Amino acid sequence: MNQNKSIDKFLEEFISKAEVKEEQLNKAVWILETTGNADAADLVASLSNEFRVMFSDEKAYEDLIYFKNQNFSDPLISRQIDILIKQFKMNMLPKDILKDLSIKEAALNQTYANFRSKIDGKIFTENELREILKNEKQVDLRKKAWNASKEVGVILAPKIVELVELRNKAAKHMGYDNYFDMMLDLSDISKDELFNTFDDLKNQTDNSFSQVLLDVNDTLSKWYDVNMDELGPWAHKDPFCQMDPIESPNLDEYFKDKDILKISKSFYEKMGFDLETLIKRSDLYEKEGKNQHAFCISIDRKNDVRTLNNIKPNIQWMETLLHEFGHAIYDLSIDKDLPWLLREHPHVLTTEAIALLMGRQVYTKEFLQEFLDVTDEKVLDDVHLGLKRRQLFFSRSAFMITEFEAKMYEDPTQDLNNLWWSLFEKYYKTSRPENREKKADWAAKYHVGLAPVYYYSYLLGEVFASTLQKELLNIAEDDKIWKKTAAKFLKEKMFSKGSYYRWDHLIEHVTEKPFSSDAWIEDCSN
Ligand SMILES: [Zn+2]
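About the thresholds
Residues numbered from 1 in each chain as written. Predicted model: local features only at pLDDT ≥ 70, side-chain atom pairs only at ≥ 80, totals over all residues. Heavy atoms only, no water. Helix = DSSP H or I, 4+ residues; strand = E, 2+ residues; numbered from the N terminus. Rg over C-alpha atoms; globule rule 2.2 N^0.38 Å. Buried < 20%, exposed > 50% of the residue type's maximum accessible area, 1.4 Å probe, protein only. Contact = heavy atoms within 4.5 Å. Areas by Shrake-Rupley, 256 points an atom, 1.4 Å probe, with all protein chains shown as cover. Lys, Arg positive; Asp, Glu negative; His and termini not counted. Charge placed at Lys NZ, Arg CZ, Asp CG, Glu CD. Expected span 1.5 Å × (residues − 1). Polar contact = N/O pair within 3.5 Å; in protein donor to acceptor, adjacent residues only side chain to side chain. Salt bridge = Lys/Arg side-chain N within 4 Å of Asp/Glu carboxyl O. Donors = N, O, S within 2.8 Å, 3.2 Å for Na, K, Ca; no water. Tetrahedral: all angles 85-135°; square planar, octahedral: opposite > 155°, others 65-115°. Axes fitted to C-alpha atoms, helices over the stretch in contact; angles between N-to-C directions. Parallel < 35°, antiparallel > 145°, perpendicular 65-115°, else oblique. Nonpolar A, V, L, I, M, F, W, Y, C, P; charged D, E, K, R; others polar. Disulfide = S-S within 2.5 Å. Phe/Tyr/Trp six-rings, centres within 6.5 Å; stacked < 30°, edge-to-face > 60°. Lys NZ or Arg CZ within 6 Å of the ring centre and 35° of its normal. Pairing = 2+ DSSP bridges. Core = buried A, V, L, I, M, F, W, Y, C linked by side-chain atoms within 4.5 Å.

Asks: So what exactly am I meant to see when it comes to the overall build of the protein here?
Replies: Counting its regular elements, the protein contains 23 helices and 4 strands. Rg of the C-alpha trace for the protein: 23 Å, near the compact-globule value of 24 Å for 526 residues, within the 12% margin. The principal-axis extent of the C-alpha atoms belonging to the protein is close to 75 × 55 × 45 Å. Looking at the 526 residues of the protein, the share that counts as buried comes to 55%. For the protein, restricting intrachain contacts to residue pairs at least 6 apart in sequence, the fraction spanning at least 24 positions comes to 74%. For the protein, the exposed area adds up to about 23,900 Å²; of that, 48% sits on carbon and sulfur atoms. For the protein, the distance from the average position of its 72 positive side-chain charges to the average position of its 92 negative side-chain charges is 2 Å.

Structure (structure tokens):
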């Protein structure tokens, strides 16, 4: 009874402070990302350091370990203690390391954001380079654009290696071999199981990938009028060979004169979600100084959820909008009566699964028919093939990046560029491009430096999304998932639960069986 009282008091005191600090931090992040304002950047840096410091208090950590040993029978209490202990472990570092980490990460972020690539002396933004890779027919210019997209790597690489060593130092301080192992463990992911799952995904889709690769190379060599053995990453539609390399340029045409915001609204309305307030709070169109990508943020773990987008009338932004709104409906549907600590998804993979699931509906026959009035039979019949190609190519990238990170954190002093391209050859069954010896192509991938030990979540999210797609079609008794019955199921069984369950238990609760790769493998095989 007494102990119960003191855990209640502890949670009340600690959480009330954390809640306020997180909301301040989120609001500052929002201003920074929508304006690029320098004062906001300073504020974000100091608030995030203050937030981290709250979770590094030795006395509070000792109390938590004491409470943990009390084995509280109330699952709401024991779950909160577990979550807090993990958050503390990520931050229980000597103050100088904590500060050094914040400073180095901020500096890396700054360098990444300010870097502009050049082609023949002329500056190109990231979006402009992507545009060339997406549409340009001229091989020479494509190669230049691909090379330019990697230039940032050489500049970032030494800074990233420094950070990797610092992160490892922090992990060793907490008793782990390295930072990769620590981050997986503190995210409730078993390293062995993760790599076994990835091996299984790879092996079971290996034949599909080989067949698709033949098709792709055949098409690309015709598009660019080169021999197959002259093809390289420059022939892909994105700098990291993650998208469908032969997506029909015609697909974009259907979106040219469409109001994709209106389409998103009506898509979610059909599921019973009213996006009016969310849209009012969001920042949707391009403007100077604003972050050029997209994200969703829950400001207060209550009703203030916002998305940042840079809408253009094309298929990518259609997908992105459905993706970010997918994160948002999840956040908004979490049971507000849960304690603050549990009013969040249990792992990024569960919210990514929902966002990816919603985003990929764009690439279904049913979506194109219903929202874009597409009638061309060939387009409708082929659209699912593009989705399959994308799953296959994206998964190769996720395997590659995940194994790269594991090995980089094991030994950051090795020849990392050689490691990067060896893994490319292993997973893409394609020779590495020439003349990359003195480069640092691995460091050009944003996540390697700035969103470490995260990439695997996207692929696990895709895998779970395939399971959900199947489940929801059954529930909706239809050939599309944008139905009120499907949404009701998601809300009640999944979203509302927040972090009440650990991610794997949540999946079991939703699907009534353990995490399974079957549906995804099937999607990649047909
Ligand atoms: Zn997302």
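Back to the write-up after that little detour.
Asks: Whenever I open this one, helix α14 (residues 315-333) confuses me. Can you help?
Replies: Helical geometry note: an α-helix holds 3.6 residues per turn, so side chains three or four residues apart project in the same direction. Between the first and last C-alpha of α14 there are 27 Å, a value that for 19 residues agrees with the 27 Å anticipated at 1.5 Å per step. The buried count for α14 comes to 16 of 19 residues, which makes it a mostly enclosed element. The N-capping residue of α14, defined by a side-chain oxygen 3.2 Å from the backbone nitrogen of Gln 316, is Asn 314.

Asks: Whenever I open this one, the pattern of salt bridges confuses me. Can you help?
Replies: When charged atoms on two side chains of opposite charge get close, those side chains can pair. Per the stated rule, a full pass over the model turns up 46 salt bridges. Put simply, Asp 283 and Lys 287 hold a salt bridge, and the shortest N to O gap is 2.8 Å. Take Asp 283: its relative accessible area is 14%, and that puts it in the buried class. With a closest N to O distance of 2.6 Å, Lys 290 and Asp 283 form a salt bridge. Comparing Lys 290 with Asp 283 shows no difference in burial state: the two are buried.

Asks: Mind showing me how you'd approach the coordination of the zinc ion here?
Replies: For a metal bound by four donors in a tetrahedral arrangement, the ideal donor-metal-donor angle is 109.5 degrees, while six donors in an octahedral arrangement ideally sit at 90 or 180 degrees. Every protein donor of the zinc ion is accounted for by His 323 (NE2), His 327 (NE2), Glu 352 (OE) and Glu 352 (OE), and the metal-donor separations fall at 2.1 to 2.6 Å. The site at the zinc ion holds 4 donor atoms, and with the angles between them running 51 to 143°, its shape is irregular. Sequence spacing of the donors to the zinc ion: H-x3-H-x24-E. Within this pair, whereas His 327 is found in helix α14, its partner Glu 352 is found in helix α15 (residues 348-360), the two being separated by 25 residues in sequence. Like Glu 352, His 327 is buried.

Asks: How do you make sense of the packing of helix α16 (residues 365-372) against helix α17 (residues 377-410) when you look at a structure like this?
Replies: When two helices pack together, their arrangement is given by the angle between the helix axes and by the axis-to-axis distance. Running from N to C, α16 and α17 point in directions that differ by 135°, and their axes come no closer than 8 Å. In terms of their interaxial angle, α16 and α17 are classed as oblique. Counted together, Lys 365, Leu 368 and Gln 369 of α16 and Val 379, Leu 380, Asp 381 and Val 383 of α17 form the full contact between these two elements. Residue composition of the contact of α16 with α17, by class: 4 nonpolar, 1 polar and 2 charged.

Asks: Help me understand the state of the cysteines, please; the structure alone is not making it clear to me.
Replies: Enumeration according to the criterion identifies 0 disulfides in this entry. Cys 241 carries a free sulfur, and the closest cysteine sulfur to it, the one in Cys 524, is 17 Å from it. Judged by its relative accessible area of 2%, Cys 241 is buried.

Asks: Looking at this structure, I do not really get helix α2 (residues 38-54). What am I missing?
Replies: Taking 1.5 Å per residue as the helical rise, α2 with its 17 residues ought to reach 24 Å, and the 25 Å between its terminal C-alpha atoms agrees with that figure. Near the N-terminus of α2, the side chain that reaches the backbone nitrogen of Asp 39, with its oxygen 2.7 Å away, is that of Asn 37.

Asks: Help me understand the environment of Leu 332, please; the structure alone is not making it clear to me.
Replies: With respect to the secondary-structure elements, Leu 332 resides in helix α14. Each C-alpha atom of the pair Leu 332 and Lys 17 lies 22 Å from the other, and the pair is 315 residues apart in sequence. Beyond its immediate stretch of four places on either side in the chain, Leu 332 contacts Lys 302, Asn 303 and Val 305.

Asks: What exactly am I supposed to notice about the packing of aromatic side chains here?
Replies: Between two aromatic rings, the relevant description is the distance of the centres plus the angle of the planes. A complete count under the given rule lists 39 aromatic pairs for this structure. Between Phe 367 and Phe 371, the ring centres sit 4.7 Å apart and the planes meet at 40°, which makes this aromatic pair tilted. You can see Phe 367 and its partner Phe 371 sitting in helix α16, 4 residues apart, about one turn around the helix. Exposure remark for Phe 367: the relative accessible area of 0% places this residue in the buried category. We classify Phe 371 as buried; its relative accessible area is 10%. Taken together, Phe 10, Phe 14, Phe 51, Phe 55, Tyr 61, Tyr 66, Phe 67 and Phe 88 form an aromatic cluster joined through their ring pairs. The side chain of Lys 122 reaches across the aromatic face of Phe 124, ending 4.6 Å from its centre. Over the ring of Tyr 363 we find Arg 390, and its NZ or CZ is 4.7 Å from the ring centre.

Asks: Sorry if this is basic, but what is going on with the pairing of strand β3 (residues 295-298) here?
Replies: Residues in a regular strand point their side chains to alternate faces of the sheet. Here β3 shows no split at all, with Phe 295 and Ile 297 on one side and Cys 296 and Ser 298 on the other all buried. With antiparallel pairing between neighbouring strands as the criterion, β3 and strand β4 (residues 305-308) make up a hairpin whose turn holds 6 residues, including Arg 301 at a positive phi of roughly 55°.

Asks: Honestly, the nonpolar core in this entry has me stumped. Any pointers?
Replies: Taken as a class, soluble globular proteins show a tendency for nonpolar side chains to be buried jointly. Tyr 268, Met 358, Phe 367, Trp 442 and Met 494 are the most contacted members of the largest nonpolar core, which has 179 residues in total. Per element, the largest residue contribution to this core is 15 residues, and it comes from α17. Beyond its immediate chain neighbours, meaning those up to four positions away, Met 494 contacts Tyr 330, Thr 350, Ile 354, Phe 464, Leu 468, Phe 489, Leu 506 and Val 510.

Asks: Looking at this model, I keep getting lost on the environment of Ile 65. Mind explaining?
Replies: Examined against the element boundaries, Ile 65 turns out to sit in helix α3 (residues 58-68). Ile 65 sits 17 residues away from Asp 82 along the chain, and the two C-alpha atoms are 9.4 Å apart.

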